[in-house]
Amino acid sequence: MKSADAIIIGAGHGGVECAVALRAKGFAGSIALLSDEQQLPYERPPLSKAMLAGTMDVERLRLRSEAIYAKNGIELALGRRIDRLDPAAGTATTTGGEVWAFRHCVIATGARARRLAQPDGPGVYSIRSIDDVLAMRTALQPGMRLLVLGGGYLGLEAACTAAGLGARVHVIEQAPVIMSGRVSDVTAGRMHALHLEKGVSISTGAMVASWERTDTAWRALTTDGAVHLADIVLVAIGATPNIEFAEAAGLACNGGILVDDACRSSAPNVFAIGDCAARMNPELGRAIRIESVNNALVQARTVAAVLTGNTPDARKAPTFWSEQCGRRLQMAGLALPGTPCEDVARDTARGWLVERYQHGVLCAVEAVDSPVEFMQAAKRISIQ
Amino acid sequence: MPQAVFVSPSGEEHVAEVPVGWSLMEAAREDGIEGVVAECGGGAICGTCHVKVEPKWFALLAQPQMMEAALLEAVPERSETSRLACQIMMSEELDGVRVHVPSEQLEL
């Protein structure tokens, strides 16, 4: 049996930050960081951008060099997928049957791409890992037809990147606007226009009604009556948290592993952070998962503080960013779904800024190519 | 391989090996240099990899682009030779570059 005082399951941004922050804050026990991948831990945001464009090496994605884990006394255990957890016994077991005993367990397993029953098979990709993006990049040749399902951040980032590589790209989004529920109509509309300029065509308010596989291509019939032929399909319709083993272990879950302000789950010796964790958001009045690097880092540092007897930093508005069509989009805060927003937009030197108010309170800010205006406005977001 | 020296707020020096073409931020992140947060991964949008470049080396750097210049106006402990480490790309010419890490980075 293997053992560590703290085991961290999952080595994305959150897992790695938690391991390093534990040590930096003076955690004296042993730390093991388990990854189900074979690569050294790496950052994922560039996967749908520079990695897909072919302008970034795998080595440059690494979050830390191999030597740093050893130097910090962090046992990096690659190729381990945990599929059983027993909080009462303090053990986690890999698919290969290796048992890890722990005092504290931090679940940082992230989320995987949601997939559909159809399309499935040749030429269908999603982007969550280095292997995913390398496979898609190899397949994607100039002149090919790429159909992107989902007009969210990931789908749109990949769409304009692929267009830049010479692919003929079409995006299908079921909502009436792109990045629906994430950004204001102002920003959605302006970004939509920028995508069109880059040669990306977009159908909004449409879904695929039926799929057909021809000899070499996919044929999608959409609810708006259009037919799209595609050599490659990218499924970018959101993510599913990797929480099955946590649910099976009896941890309270509701669309994510439910955690308190300290990121502690319903089992006192188990924490959850990042994309797989659902924490109460006082502004929205319910527990939500937040998929962003910033959230993963903040929650990782929270757990590191709690386990070393320190006070976690005060909660701040979550932040997000995206890069599309060569523009940098930053967002902070969350708007309550289903509640009207009063959006106040203004142009800046290089882009624009939108302040979003609900019931007269500034709840979210978004900015394009305006990092300083973004920072200033984001500081004024109301946090309960 | 070219080297960069990161000097911590307390004066400790850390020598990092930086492949040509990598940014100093990427090197700092790999080596886990405290104080270089680099939240946005190198997009010059978060302003959390601010460093103060020693003047001799600062003179060798290309002028910052508009986004970086704007962020540098907002960073704490700003100096005449402030730059974002994600925008400093290692070259043979920069072998030995020395930068000072501030005691705090930009925060919301």
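Residues numbered from 1 in each chain as written. Chains lettered and ligands numbered in written order. Predicted model: local features only at pLDDT ≥ 70, side-chain atom pairs only at ≥ 80, totals over all residues. Heavy atoms only, no water.

## Topic: the overall build of chain A
Next up, step 1: Secondary structure assignment for chain A yields nine helices and 25 strands.
Next up, step 2: Expected size for 384 residues packed as a compact globule is a radius of gyration near 21 Å; at 21 Å, chain A falls within 12% of this value.
Next up, step 3: Summarising its shape, the C-alpha atoms of chain A cover approximately 60 × 55 × 35 Å along the three principal directions.
Next up, step 4: Counting all 384 residues of chain A, 55% fall into the buried class.
Next up, step 5: Within chain A, counting contacts between residues at least 6 apart in sequence, those at least 24 apart form 60% of the total.
Next up, step 6: Per element, the accessible surface of chain A, about 15,700 Å² overall, is 49% carbon and sulfur.
Next up, step 7: Of the charged side chains in chain A, 39 are positive and 39 negative, and the gap between their average positions amounts to 3 Å. (Helix = DSSP H or I, 4+ residues; strand = E, 2+ residues; numbered from the N terminus. Rg over C-alpha atoms; globule rule 2.2 N^0.38 Å. Buried < 20%, exposed > 50% of the residue type's maximum accessible area, 1.4 Å probe, protein only. Contact = heavy atoms within 4.5 Å. Areas by Shrake-Rupley, 256 points an atom, 1.4 Å probe, with all protein chains shown as cover. Lys, Arg positive; Asp, Glu negative; His and termini not counted. Charge placed at Lys NZ, Arg CZ, Asp CG, Glu CD.)

## Quick notes on the sheet that holds strand 22 (residues 327-333) of chain A
All names here are of chain A.
Next up, step 1: If you walk across this open sheet you meet the five strands as 21-22-25-24-23, and the pairing is antiparallel. The sheet is open, and its two borders are formed by strand 21 (319-324) and strand 23 (342-347), each paired with just one other strand. Averaged over all pairs of adjacent strands, the angle between their axes in this sheet comes to 15 degrees, without regard to strand direction.
Next up, step 2: Sitting on the sheet, helix 6 (residues 185-197) is in contact with strand 21, strand 22, strand 23, strand 24 (352-358) and strand 25 (361-368), with an inclination near 150 degrees to strand 24. (Pairing = 2+ DSSP bridges. Axes fitted to C-alpha atoms, helices over the stretch in contact; angles between N-to-C directions.)

## Some remarks on the nonpolar core
Buried together is how nonpolar side chains tend to be arranged in soluble globular proteins.
Next up, step 1: Membership of the largest hydrophobic core comes to 46 residues, with the highest contact counts inside it found for A:L47, A:L146, A:V169, A:M179, A:V200 and A:L234.
Next up, step 2: It is helix 5 (residues 153-164) of chain A that provides the largest number of residues to this core, a total of seven residues.
Next up, step 3: With residues up to four places along the chain from it excluded, the contact list for A:V200 reads A:A159, A:C160, A:A163, A:V169, A:V171 and A:H195.
Next up, step 4: With 33 residues, the next largest nonpolar core counts B:V53, B:L71, B:M90 and B:L106 among its residues. (Core = buried A, V, L, I, M, F, W, Y, C linked by side-chain atoms within 4.5 Å.)

## Notes on unusual backbone geometry
Residues and elements named next belong to chain A.
Next up, step 1: Between Q118 and the following residue, P119, the backbone shows a cis peptide bond with an omega angle of 0 degrees.
Next up, step 2: Even without being glycine, C325 reaches a positive phi, approximately 55 degrees.
Next up, step 3: Along the chain, C325 turns up in the loop between strand 21 and strand 22.

## Observations regarding helix 5 of chain A
Residues and elements named next belong to chain A.
Next up, step 1: A rise of 1.5 Å per residue sets the reference length of helix 5, with its 12 residues, at 16 Å; its end C-alpha atoms lie 17 Å apart and thus fit the reference within 8%.
Next up, step 2: With respect to burial, helix 5 is a largely interior element, 10 of its 12 residues being buried.
Next up, step 3: By the burial criterion, the buried members of helix 5 are Y153, G155, L156, E157, A158, A159, C160, T161, A162 and A163.
Next up, step 4: Positive phi appears at G166, one or two residues downstream of helix 5, with a value of about 95 degrees. (Expected span 1.5 Å × (residues − 1).)

## Notes on the pattern of salt bridges
Residue and element names in this part refer to chain A.
Next up, step 1: On inspection of all chains with the given rule, the structure shows 27 salt bridges over all chains.
Next up, step 2: A salt bridge links D36 to R81; the nearest nitrogen and oxygen atoms lie 3.4 Å apart. Taken together, the residues span a long stretch of sequence, with D36 in the loop between strand 2 (31-34) and helix 2 (50-53) and R81 in the loop between strand 3 (74-77) and strand 4 (82-86) at a distance of 45 residues.
Next up, step 3: Note that D369 is salt-bridged to R327, the shortest N-O span being 2.6 Å. Residue D369 is located in the loop between strand 25 and helix 9 (371-378), and its partner R327 is located in strand 22; the two are separated by 42 residues in the primary sequence. (Salt bridge = Lys/Arg side-chain N within 4 Å of Asp/Glu carboxyl O.)

## Some words on a nonpolar patch on the surface
All names here are of chain A.
Next up, step 1: Taken together, the side chains of L221, V227 and L229 present a nonpolar region at the surface, about 220 Å² in accessible area.
Next up, step 2: Position of V227 relative to the elements: it lies in strand 14 (residues 227-230).
Next up, step 3: Since its relative accessible area comes to 42%, V227 is described here as partly exposed. (Patch = residues over 30% accessible without salt bridge, like charges linked within 9 Å, V, L, I, M, F, W, Y side chains within 5 Å.)

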